[in-house]
Amino acid sequence: MSKPLLWYFRRHSLLFKIRFKMVSRKSSLDRIENFCYNTINPKYDIPPIYFQLNRMILAQPKSDLSDLEKAKKIAKWLRNHIKGGPGLGKSSNKALRKMIRGEGGVCSDMSQVYNNFCVINDLKVKEWGLKIISKNRTIRGGHSFNEVYSREFKKWVLIDVSKSIFFYHTNCKIPLSVFELIQLKKENKEIHYFEFNKKVVVDKQYIEDIYLIPNSFPFLITNYSNKTYDYFLDKLSFLPESIIHGLIYLSGKSYVFEFPTKEYKMEYPITKPILAKVHDGYPVNAI
């Protein structure tokens, strides 16, 4: 289950760079905007453990919550009950169990688990990655995050589950989408972030380094069938996970990394945008 970033960014050998290129392609804004993880991952393909834990996460009737409130509740519960650790290469069922037991989980594991919880709660969701070119070892491994569709705002909203943050511009009531963040970064506009989980300490410098440096390139992870990967990861568990992913690629059923086309390329040189924390006094807290 746990993915891309774990194998393709953890090491920087020629082999890994070749693999990354093999599953990468450029895609139009419309294609990326219209993609949804839920389309190829229906509820009945999600393992039972997700439904069991979901009763603890969303105890009150789901109809009483807005999309963004549901998105935050799921993200906060996962972040508060998963301490993280080594990256996992297990099926979504085994990975979630190991994460809950405190046996590991990196940002890509968290993003994938979050995808499945969103599906069973009727939240449209996407998973993104960041390809980061840097000499800084703490960030060059990349990062994973998500987008959820908010019906109240009629737009996609970037949510970083691992860091428990949203991003904003001047209107602190409406969170930014990935493309809005990219555009503000390109225009060198001020960007705010809001911490929605008091139990998580956010390192402002780290957020700047992964999201705002010029050599940070977002890509959408598409064609990821949870059922397909679960089947192969369980059936071939005697093999290294990287080999299993390679076999799935050769079968034509692999995930794809889709990078936005040139209209969203950065123009160099640029000055890194200003990143400011959204404080408690802002109206955003009413969301």
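For the structure, check the block above.
Keep in mind that this is a model prediction, so the values were computed, not measured. (Residues numbered from 1 in each chain as written. Predicted model: local features only at pLDDT ≥ 70, side-chain atom pairs only at ≥ 80, totals over all residues. Heavy atoms only, no water.)

Student: Mind showing me how you'd approach the overall build of the protein here?
Tutor: Scanning the protein for helices and strands turns up 12 helices and nine strands. Within the protein, the proportion of its 287 residues that are buried is 52%. Contacts in the protein between residues far apart in sequence, at least 24 positions, make up 71% of those at least 6 positions apart. Element-wise, carbon and sulfur atoms account for 54% of the exposed surface of the protein, whose accessible area totals about 13,500 Å². (Helix = DSSP H or I, 4+ residues; strand = E, 2+ residues; numbered from the N terminus. Buried < 20%, exposed > 50% of the residue type's maximum accessible area, 1.4 Å probe, protein only. Contact = heavy atoms within 4.5 Å. Areas by Shrake-Rupley, 256 points an atom, 1.4 Å probe, with all protein chains shown as cover.)

Student: I'm lost on a nonpolar patch on the surface in this one. Help?
Tutor: A grouping of Ile 243, Leu 247 and Leu 250 is seen on the molecular surface, where their side chains present a nonpolar patch of about 290 Å² in accessible area. Counting through the fold element by element, Leu 250 comes out in helix 12 (residues 241-250). (Patch = residues over 30% accessible without salt bridge, like charges linked within 9 Å, V, L, I, M, F, W, Y side chains within 5 Å. Salt bridge = Lys/Arg side-chain N within 4 Å of Asp/Glu carboxyl O.)

Student: Would you mind going over the pairing of strand 3 (residues 143-150) with me for this structure?
Tutor: A regular strand places its side chains on the two faces of the sheet in alternate fashion. With seven of eight residues buried, strand 3 lies mostly within the body of the structure. Here six bridges tie strand 2 (residues 125-132) to strand 3, and the two strands are oriented antiparallel to one another. Note that in strand 3 the partner of Gly 129 across the bridge is Ser 144. Relative to strand 4 (residues 155-159), strand 3 runs antiparallel, the two sharing five bridges. Paired with Glu 147 across the two strands is Leu 158, which belongs to strand 4. Hairpin geometry of strand 3 and strand 4 is characterised by an intervening segment of four residues between the two adjacent antiparallel strands and by a positive phi of about 55 degrees at Lys 154. (Pairing = 2+ DSSP bridges.)

Student: Before we go on, may I ask you to explain the nonpolar core in this structure?
Tutor: Considering soluble globular proteins, one finds that nonpolar side chains tend to be buried as a cluster. With 48 residues, the main nonpolar core has Leu 78, Tyr 114, Phe 117 and Val 148 as its most contacted residues. By residue number, the principal contributor to this core is helix 8 (residues 107-120), which donates seven residues. With residues near it in sequence (within four places) discarded, Leu 78 still touches Met 110, Val 113, Tyr 114 and Phe 117. By size, the runner-up hydrophobic cluster in this structure holds 25 residues, among which are Trp 128, Leu 176, Val 178 and Leu 220. (Core = buried A, V, L, I, M, F, W, Y, C linked by side-chain atoms within 4.5 Å.)

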